[in-house]
Each structure stands twice: as C-alpha cells, then as structure tokens.
Amino acid sequence: MNLKEIKKKEFELTLLSNFVFEDKPHIGLSVSGGPDSMALFLLMKNYIKKLKGKISVFHFNHNLRNESAKEAQLLQNIVTRFGINFYNIEWQHDGVVSRVMETSRNERYKKIIEHCVKMKIIHLMTAHTYEDNVETYWMRKKRKYSTLGLSSIPKIRVLDNVQILRPLLSFRKKRLIETCRAEKIEFFNDPSNFNDKYERVRVRSYLKLQKIKELKKIEKNFEQQKKQNLLIEKKLSKFFTQNLKFYKYGVFELKVDDLEKYPCELKIEILKKILSTCASKGSTPRRNSLLIFLKKVEKNTCFTYTLNSCVIKVSKNK
C-alpha cells in the first residue's frame, strides 16, 4: 500500500475532477486539529494560490473536554503563522448527556455554516477520509439500509446554500498523516476517537481487527455499491427531468403511468427523493412504508395519504 504523502498535483487533480469554484473563491475549512483536517489545511493552503482566492479556518470548540481550549489556542497559533484567518467558535452548553456525537456534529455544522453565510462563503471543506466512508457504509449496512442509503458520505452536500465539500474521500488516513509529517506540521487527536461507547469507534475497531482478506471484501462491496448507486442516480435524474413537474410552495406532480414503467426498487428511490426533498427536514421514508403506499396506488385510483410529513393526493393518473 502506498503510504507516501499526497502530492500537490494529485490533490489538484482531485479538486478539478470533482468540484467547481467561482473566480477568486473564499473557501472555508472546518479544522479540528487532527491529522486529517491538518492535511486538508496544508493542501488547500497551497492550492488556493492557484485559484487566486483565500481560505478561512473554522475550529469548533465543543467544550466537552478540559484540554479543548488549550488545543484551540495551539491550532490558532499554527494557522495564523501562515497569515490565514482563524475563527474559534465555542459551544456554550451545560453538558451533553445523550447522543453526544450526533448532537455535537449537528451543532458544529450549524454554527460554522452560520459564519459562512455571514461571510458570504459558499464552499466549506471537511476532511472526511476513505476510511470514514467505509465505516459509514458498514454502519448503514448493519442498520439494514438499502441502495442509495448505502452511498455513505457524499462528496458534495448543500446546507443553507453552503456547499459542503469532501475532497479527501478517496485518500486513506495513513497518507494524510504522512502529508502532515512531510510538512512537519503539528496535529493532535481527540480522545473521543478512541472511546468505544461511540458506535463509529466500535465499527472502526471492528474493521481494524478484520483479516486483510475480509477487509478487502468489505471495501470491494463498498466500491461496487458506489458504482451501482451512481447508475441509480443517473436514472433518477433522467426521470425527474422528463417526468416530474414542480410548482411553488413545494408541490410536486407526476403521472402514475410514468412511475409504473420502472421496477419496484427504482420506484422506491424516486419517491424517497421526492418525499425527502418535499419534507425538507433531512428525513427519509422507510422502504416498507413506501411499499405499502405503492400497493395502495395499484388498488385505488383516488385517495389522500400522509407519508414523511407530506400529503400525497392520488387522483386519476396523477
């Protein structure tokens, strides 16, 4: 396995093949201080010169550990010595007792995106890696997710008109560590990354304990799922551009006959996408609920149905 650091040209090709930026962009970086985000900082610090733009670093201090304030100060010293703006965002709370990782993640995105919106930053980069993606795939597989639900971490996600970009998803963590070492940059690890009370940490430990053959099998399945999902996404795009009408106030319309032309699994993905977009709350209807609805469509011509906080009206062929 190639453990060399990520070269500037290699990183540049990854950006050019996956993302589009405006002229002289102002790009935000979410940096924790760990090796992944510090490698992203180093790579973007160099690449932004080619774009004739600038970067700003956002650090979210969760205030969950005694040493977090000291780490934030160390990180600020590292970043500002390169002449780059650093924003330390502190989370003020009375303690988080349940769903710590999920609550922390949601608050982190919320606060950093608020800063991006105020600063008119439309691209925010995070340092998710190939291993992060495989872990997410494995967690979702264990929860019985199917098809697009197994896509794991998307390269691009939009929140409040800010594009969240993940340019390191194809790179392994060891290469990011080597990138930091090659540049002699400091980094530190959050102890929660080793606390097995969290699901992701348990999954990470499980995958590390697997034999090389078994791990390669998991990664192969993950890659195959990505290819399959890419084909599904293309079919969905074709359906939406040819068959879906969109009206104001979040109203979508399609013909039953157009939907019936597709196999069951694709019908499910079409409805998932429409209903999750319509609900605009990040929720996705369950497969079984969609199957029940589709069976009802086959038997009835006119009815009103509620699913995923949306009202569905079926009448004649619409």
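Quick caveat, the model's predicted, so the values are computed rather than measured. Per chain, residue numbering runs from 1 following the sequence as it is written. Residue-level local features of this predicted model are given only where pLDDT is at least 70; pairs of side-chain atoms are given and counted only at 80 or more, and the full residue set underlies all totals for whole chains, interfaces and linings. Only hydrogens and water are set aside when side-chain values are computed; all heavy atoms of the structure are taken into account.

Asker: Please explain the nonpolar core as it appears in this structure.
Answerer: Nonpolar side chains in soluble globular proteins tend to end up buried together. If you look at the biggest cluster of nonpolar residues, it comprises 33 residues, and the most contacted ones within it are Phe11, Leu29, Met44 and Met125. Helix and strand assignments come from DSSP, with helices taken as H or I runs of at least 4 residues and strands as E runs of at least 2, each series counted from the N terminus. Of all the secondary structure elements, the ones that give two or more residues to this core are α1 (8-18), β1 (26-30), α2 (35-51), β2 (54-61), α3 (68-80) and α6 (173-182). For this core, the element with the most residues is α2, which contributes nine residues. Residues within four places of methionine 44 in sequence aside, it is in contact with Phe11, Leu15, Ile27, Leu29, Ile55 and Met125. Counting 24 residues, the second largest nonpolar core, distinct from the first, contains Leu275, Leu294, Phe303 and Tyr305. Throughout this description, the term nonpolar core refers to a set of buried Ala, Val, Leu, Ile, Met, Phe, Trp, Tyr and Cys residues connected via side-chain atoms within 4.5 Å. Only protein chains enter the accessibility calculation, which uses a 1.4 Å probe; a residue whose area is less than 20% of its type maximum is buried, one above 50% is exposed, and one in between is partly exposed. Should any heavy atoms of two residues lie within 4.5 Å, those residues are counted as being in contact.

Asker: I'm lost on the pattern of salt bridges in this one. Help?
Answerer: Any two side chains of opposite charge can pair, so long as their charged atoms come close to each other. By convention in these notes, a salt bridge is any Lys or Arg side-chain nitrogen within 4 Å of a carboxyl oxygen on Asp or Glu. Within the structure shown, the criterion is met by 19 salt bridges. The partner of arginine 172 in a salt bridge is glutamate 219, and the shortest N-O contact between them spans 2.9 Å. Highlighted residues: arginine 172 in the loop between β6 (162-165) and α6 and glutamate 219 in helix α8 (residues 212-243), separated in sequence by 47 residues. Given a relative accessible area of 23%, arginine 172 falls into the partly exposed group. Salt-bridge contacts for lysine 318 lead to glutamate 253; the nearest nitrogen and oxygen are separated by 3.8 Å. Of this pair, lysine 318 sits in the segment after β10 (310-314) while glutamate 253 is found in strand β8 (residues 251-253), placing the two residues 65 residues apart along the sequence. Overall, the relative accessible area of 48% leaves lysine 318 in the partly exposed class. By relative accessible area, which is 22% here, glutamate 253 ends up partly exposed. Connected through shared salt-bridge partners, Arg65, Glu67 and Glu71 make up one network.

Asker: Whenever I open this one, the packing of α1 against α2 confuses me. Can you help?
Answerer: Two numbers describe a pair of packed helices, the interaxial angle and the distance between the axes. Viewed as axis vectors pointing N to C, α1 and α2 meet at an angle of 75°, and their least axial separation amounts to 10 Å. Considering their axes alone, α1 and α2 lie roughly perpendicular with respect to each other. Note on element contacts: α2 touches α1 through Leu40, Leu43, Met44, Asn46, Tyr47 and Lys50, opposite Lys8, Phe11, Glu12, Leu15 and Leu16. Tallied by class, residues from the contact of α1 with α2 come to seven nonpolar, one polar and three charged. With axes taken as lines fitted to C-alpha atoms, and helix axes fitted only over the stretch in contact, angles between N-to-C directions fall between 0 and 180 degrees. Roughly parallel covers angles under 35 degrees, roughly antiparallel covers those over 145, roughly perpendicular covers 65 to 115, and oblique covers all other angles. Each residue receives one of three labels: charged for Asp, Glu, Lys and Arg, nonpolar for Ala, Val, Leu, Ile, Met, Phe, Trp, Tyr, Cys and Pro, and polar for the others, Gly being one of them.

As far as function goes, none of this settles anything; it's purely spatial.
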